[in-house]
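# Residue-level structural notes
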Amino acid sequence: MAALLKKRALAEYNKSFQDGPPSKKLHIVKKPLIGSSAAAFVGLLEKCKSSEEALQLLLRISDCLQFQESDVEEAIKKLSEHFQSEEDSVVRVKILWLFCDIGLECPVANLNNLIDLTTLLIKNETSHKVIAQGLATLLKLGGKLSEDKILMMRLVSVARENLKDTSHQVKCRCLQLISELYPLCPEMDRTLETIAEADAVVKLLAEYSNAEDARVRCEAFQSLLTFHERGHVLSAVHYEQACQALSDDYEIVREVALKLVWLLGNKYPENTITMSDGETKMRMVDEAFIRICSAVNDLCMQVRALACSLLGTTRGVSDRFLLQTLDKQLMSNMKRKRTAHERGAELVRSGAWASGRRWADDAPGQLVETHAVQLLPGGAAGAFVHGLEDELMEVRTAAVDAVCQLSMENAVFATTSLDFLVDMFNDEIEDVRLRAIDSLTRIAHHIVLREDQLETILGALEDFSMDVREGLHRMLGACSVSSKTCLEMCIDKILENLKRYPQDKRSTFRCMQRMGGAHASLVLPLTARLLAVHPFFHMPEPDVEDPAYMCVLILTLNAAAKCTTMLPLFEEHTIKHYTYLRDTMPHLVPHLPIGEAKLTSVKSEAGLDDSAVRRFFATVLRHTDNSALSPRVRLAMLRAAEEQLDRLAEMEPLFAGAAVFSALFARCVRALHGALAAPDGPPAHALSALAQDTLRLQHQFSGVTEQARACVGQLALRVTAARLCAAAGGGGGCGGPAPAALSAQAALTHQAELLDRQLAAAGVEPDPFTIGVFQQLSLGADNKPLALARALLPLLLAAPLPVIPPPSVDIRMCTATIIEPASDSDTVLRFSAGLAGGAALEAEVLRVRDPAALRVRVAYPDRQAHALAPPRDHLRPLDHHTTNDDGTVNVRLLTKVLISHGVWTESCGVDVSVCLAVDEGAGRDAAPLVDLCRPVRITVAPKPIKRGL
């Protein structure tokens, strides 16, 4: 076991010396198997009698691909020789493939030699497949040596020579190699000569956009995009070429050309484009926007979805074209209007009316080509309307996202597109509805909802999906309504929907909180009706536990914080209910100067600052680390400090993490001392609770300094050593169970290894007990658990009490709150014995590092317990507070807990709790669990299965 300890720890903490001649050490070398190296397979290529056998051998080499340093060059040489003598092109392709794999995966391979060899082998090659694979090998190997400009130019010249090949595969590989490996100088070092050479390469790539094969045309446009991504600015001269490719017969070409049109339109927005009539001029970004809008009606779904996505990322478009995307009717000012004089002059020139002086004077001025007549003009007209009405979900989703992105930057467009986004609330696909709701939430600062729009929005509240309903709650809380009637409609519909879906109570509370703060002036005339205030009669006092009444209270109280005129309207019981809500839900109810809050306003706003908390910690822990005091006095002071820190955690939730951390450390110190002082040895149950508390200290808190983690690690090492002593019998002569003792020894060694790294990272000197443990573990690798326990027990008893690390106010604690099922529920879950019954579980977990480590523990009355891992999609971010400044996240757990058991004579309680699985890395046992909340008891009654009909 000691072999697991780092050499640094052994050298630093081992102080024992031994005289005499050193013992002879054996150096064991594992001899490699003969058939395990790929070089052995390469040597068998000469004995292959057919191409099929050679191919099978090459496949085995590709699967193994393990070469010794001295065999790499010889293997490459034999592969190249077999390449020259092989007639089957498939085998030659596989050999070039192996060249690429050897160069990328074998560190000792010479990439320059592989590139030269590959270039030489494909020089006289006649097979198109082999040449294409050779170029692909050169591309991947050259990517590793991209800093060698001379080599890159040589590879580019090889690609240029093969561009004359008739195969589309070879041409595509050549274009890809040129675009990715051509050496581009940094922008500061570019000269006119280098710029001219790069432009010549771009011109060469652009020429192949007119190739016969669609795959070559697609690769040519993609090469231009790759060149731009690498830093070379494309010229606007390629715009017309890209626009012509938008009418290509193949969708792969149209898709790439669409990206190039978008790129050039955004790169040169103010360039002027002359339209086909020769007179109308337009900005390039507007013309590109119209071209992309036309692609929304493409036959291919991928092109339509891409067009919608690109529309949302186009910037600087004129408002008249932007608004035209939401109207299918063409605007009259899409083209420049002509004066009456110009129209009359054109009428005269066209000869539409005859003077009678010349023969055929009334002939038409010009013939109109058939393809020039467009009965249904395209362009920007109704592009988003078509996208939102598309039959495929991908296009509709992309259109919704694009409308949202454009609306966030243009208030006029946001107001115009509001009706279309509201219509998407009735989409048949849930994902599209969620996208529309989220989009409307993000542009809420631009819009004001009307009554007709609210009817559609509030109708979606009846959706069966909880995600849709909660998304609507967030949207209604972020939006503004136009009138008192609209607000009244929202309140009535939300309260009605709360009766149908009571599980949406918390989401509804947050919605009412935001609506009240945003519409204080509109809530004022509704206060008397909402709170049932009568000018002459005393109305019955509502039940404060009624969710509907709580929604109304939250709404009016948040509105009263910004409209103090409402305060005199509150009756006496309303003020009492405000005090109750202020104590139970302080995050939903603001502070108001009414009732008892008038006297505590100054105190509640003052609170405690960091300096006061630090002084309090220093006062509480002043003498706990004084080694001059007796252990009995220090233990009494630790008990007092623990009580005061627990009280601080209850009074100040902001500093609860630091207070609980220090209190828990003090409790562990006292419990460890009490367990070691037991006359019959450390009790197993006390050590089990101690191990659970040390796991909490290590994994439940965030923001802990490295020094504090090192102190916790040394305390955990003492607890692990005490568990080893208890498992091995404490050296009393009676050994404990062998499996338990071996497991405890493995845990001790693993904890020592972790502590060694922690001490080195934190720069903390170990205490005497830690040094003693390191010395014992470094004596040899054959320590028996009993001998190790006998050596560690005196060290444990003689070690001084651990020192509590200096507390930090930045420490935060991971906690969980189970919302459903309620702790006071009387509902009995009944199911057939042997089968599974499901209980809905809703919990909020705050400040968790890894949500995947969350578990749901189910404990039965017969002491059976199961840890269930919730599915990934059952963990959702909290809508009101998702991330924290210390890197942790807040998640909401919505899942079903499966409960199953045999027949019970009467109903009993099953405890359900949320825990954190801790991976200690020692042993094969299940990961220990750290409780994040108190368990909630569910009453369960498994009934026997009925036999017969």
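Calculation criteria
- Residues numbered from 1 in each chain as written.
- Predicted model: local features only at pLDDT ≥ 70, side-chain atom pairs only at ≥ 80, totals over all residues.
- Heavy atoms only, no water.
- Helix = DSSP H or I, 4+ residues; strand = E, 2+ residues; numbered from the N terminus.
- Buried < 20%, exposed > 50% of the residue type's maximum accessible area, 1.4 Å probe, protein only.
- Contact = heavy atoms within 4.5 Å.
- Areas by Shrake-Rupley, 256 points an atom, 1.4 Å probe, with all protein chains shown as cover.
- pLDDT = per-residue confidence, 0-100.
- Phe/Tyr/Trp six-rings, centres within 6.5 Å; stacked < 30°, edge-to-face > 60°.
- Lys NZ or Arg CZ within 6 Å of the ring centre and 35° of its normal.
- Core = buried A, V, L, I, M, F, W, Y, C linked by side-chain atoms within 4.5 Å.
- Pairing = 2+ DSSP bridges.
- Axes fitted to C-alpha atoms, helices over the stretch in contact; angles between N-to-C directions.
- Parallel < 35°, antiparallel > 145°, perpendicular 65-115°, else oblique.
- Nonpolar A, V, L, I, M, F, W, Y, C, P; charged D, E, K, R; others polar.
- Salt bridge = Lys/Arg side-chain N within 4 Å of Asp/Glu carboxyl O.
- Expected span 1.5 Å × (residues − 1).
- Patch = residues over 30% accessible without salt bridge, like charges linked within 9 Å, V, L, I, M, F, W, Y side chains within 5 Å.
- Lys, Arg positive; Asp, Glu negative; His and termini not counted.
- Charge placed at Lys NZ, Arg CZ, Asp CG, Glu CD.
- Left-handed = near helix turned anticlockwise from the far one by under 90°.
- Disulfide = S-S within 2.5 Å.

### Description of the overall build of the protein chain
Check the secondary structure of the protein chain and you find 38 helices and 16 strands. Considering the protein chain as a whole, with its 949 residues, one finds that 45% of them fall into the buried category. Looking at the protein chain alone, contacts between residues at least 24 apart form 71% of all its contacts between residues at least 6 apart. About 50,400 Å² of surface is accessible on the protein chain, with carbon and sulfur atoms providing 53% of the total.

### A look at the confidence of the model for the protein chain
It should be kept in mind that the predicted coordinates are not to be read in detail where pLDDT is low. Per-residue pLDDT for the protein chain has a mean of 83; in total, 85% of the residues score no lower than 70. Predicted confidence for residues 331-335 stays below pLDDT 50, and this span has seven contacts to residues more than four positions away or in other chains. Taken as a whole, residues 601-608 scores under 50 in pLDDT and shows six contacts with residues more than four places along the chain or in a different chain.

### Brief notes about the packing of aromatic side chains
The geometry of two aromatic rings is summed up by the distance between their centres and the angle between their planes. Tallied over the entire structure, the rule returns three aromatic pairs. Sitting over the ring of Trp-97, Lys-94 keeps its end group 5.2 Å from the ring centre. The ring of Tyr-501 has Arg-469 sitting right over it, with the charged end atom 3.7 Å from the ring centre.

### Quick notes on the nonpolar core
With 181 residues, the main nonpolar core has Leu-440 and Leu-476 as its most contacted residues. With ten residues, helix H28 (residues 547-560) is the largest single contributor of residues to this core. Leu-635, Phe-655, Ala-710 and Ala-721 belong to the second largest nonpolar core, which has 64 residues in total.

### Describing the side chain of His-577
Tracing the backbone through its elements, the reader meets His-577 in helix H29 (residues 572-584). By relative accessible area, His-577 is classed as buried at 6%.

### Topic: the sheet that holds strand S7 (residues 815-820)
If you trace the four strands from one edge of the open sheet to the other, you get S7-S9-S13-S12, paired in antiparallel fashion. A strand with exactly one partner marks an edge of an open sheet, and here the two such strands are S7 and strand S12 (875-877). The mean angle between the axes of side-by-side strands here comes to 25 degrees, regardless of whether they run parallel or antiparallel. Both strand S9 (residues 837-848) and strand S13 (residues 889-899) contribute to a ladder of ten bridges, which runs antiparallel. Across the sheet, the residue bridging to Ala-840 is Lys-896, located in S13.

### Notes on the pairing of strand S14 (residues 908-917)
Most of S14 is tucked away, with eight of its ten residues classed as buried. In this sheet, strand S15 (residues 929-931) lies alongside S14 in antiparallel orientation, the contact comprising three bridges. By the bridge assignment for S15, Cys-915 is matched with Asp-931.

### Some details on the packing of H28 against H29
Relative to each other, H28 and H29 sit at 90 degrees, their axes nearing to 11 Å. Relative to H29, H28 is oriented roughly perpendicular. Two secondary-structure elements touch here, H28 through Tyr-549, Met-550, Leu-553 and Leu-557 and H29 through His-573, Thr-574, His-577, Tyr-578 and Leu-581. Classifying every residue of the contact of H28 with H29 by side-chain character gives six nonpolar, three polar and no charged.

### Considering the pattern of salt bridges
Per the counting criterion, the structure on display carries 33 salt bridges. Of the charged contacts, one joins Asp-419 and Arg-450 as a salt bridge, the two residues approaching to 3.3 Å between their closest N and O atoms. One end of the pair, Asp-419, is in helix H20 (residues 411-423); the other, Arg-450, is in the loop between strand S3 (448-449) and helix H22 (451-459), and 31 residues separate them in sequence. Note on Asp-419: relative accessible area 31%, which makes it partly exposed. For the salt bridge of Arg-500 with Glu-462, the shortest nitrogen-to-oxygen distance reads 3.7 Å. Pair noted here: Arg-500 is in helix H24 (residues 484-500) and Glu-462 is in the loop between H22 and helix H23 (466-478), with a separation of 38 residues, a long-range link. Within the structure, one salt-bridge network assembled from shared partners comprises Glu-642, Asp-646, Arg-667 and Arg-670.

### Quick look at helix H9 (residues 168-181)
Relative to the 20 Å expected for 14 residues at 1.5 Å per residue, H9 spans 20 Å between its end C-alpha atoms, a close match to the ideal helical length. Taken together, the buried positions of H9 are Val-170, Lys-171, Cys-172, Cys-174, Leu-175, Leu-177, Ile-178, Ser-179 and Leu-181. Residues of H9 that are buried sit in contact with helix H7 (128-144), helix H8 (149-162), helix H10 (192-207) and helix H11 (214-229).

### As for a nonpolar patch on the surface
On the surface, a cluster of nonpolar side chains totalling about 380 Å² of accessible area is made up of Phe-536, Phe-537 and Met-539. In this structure, Phe-536 sits in the loop between helix H27 (527-530) and H28.

### A closer look at a negative patch on the surface
A contiguous patch of negative charge, built from Glu-541, Asp-543, Glu-545 and Asp-546, is present on the exposed surface. Inspection of the secondary structure puts Glu-545 in the loop between H27 and H28.

### What about the packing of helix H5 (residues 89-105) against helix H6 (residues 111-121)?
Viewed as axis vectors pointing N to C, H5 and H6 meet at an angle of 170 degrees, and their least axial separation amounts to 10 Å. Looking at the two axes, H5 sits roughly antiparallel to H6. Crossing angle aside, the handedness with which H5 passes H6 is left-handed. Packed against H5, whose contacting residues are Leu-96, Phe-99 and Gly-103, the element H6 presents Leu-111, Leu-114, Leu-117, Thr-118 and Leu-121 at the interface. A class-by-class count of the residues in the contact of H5 with H6 yields six nonpolar, two polar and no charged.

### Let's talk about unusual backbone geometry
In the segment running from Glu-820 into Pro-821, the intervening peptide bond is cis, with an omega of 5 degrees. Mapped onto the elements, Pro-821 comes out in the loop between S7 and strand S8 (828-832). Unlike most non-glycine residues, Ala-532 shows phi in positive territory, near 55 degrees. When you line up the elements, Ala-532 lands in the loop between H27 and H28. Exposure remark for Ala-532: the relative accessible area of 38% places this residue in the partly exposed category. The phi angle at Arg-847 is positive, at roughly 60 degrees, despite the residue not being glycine. The residue Arg-847 is located in strand S9 in this model.

### Structural notes on the state of the cysteines
Inspection of the entire model under this criterion finds zero disulfides. Looking at Cys-174, it has no disulfide partner, and the nearest cysteine sulfur is the one in Cys-172, 9.2 Å off. With no disulfide of its own, Cys-293 lies 8.9 Å from the sulfur of Cys-308, the closest cysteine sulfur. The buried category is assigned to Cys-293, whose relative accessible area is 1%.

### Observations regarding H10
When the terminal C-alpha atoms of H10 are compared, their 22 Å separation across 16 residues agrees well with the 22 Å that a helix rising 1.5 Å per residue should span. Where H10 is concerned, the buried positions are Ala-198, Val-201, Val-202, Leu-204, Leu-205 and Ala-206. Packed against the buried residues of H10 are H8, H9, H11 and helix H12 (239-245).

### Some remarks on the environment of Lys-123
Structurally, Lys-123 is set in the loop between H6 and H7. Judged by relative accessible area, Lys-123 falls into the exposed class, the value being 65%. Sequence separation between Lys-123 and Asn-162 is 39 residues; the distance between their C-alpha atoms is 9.2 Å.

### Side note on the environment of Ser-157
In this structure, Ser-157 sits in helix H8. By relative accessible area, Ser-157 is classed as partly exposed at 32%. Note: C-alpha distance between Ser-157 and Cys-174 (17 residues apart in sequence) is 9.8 Å.

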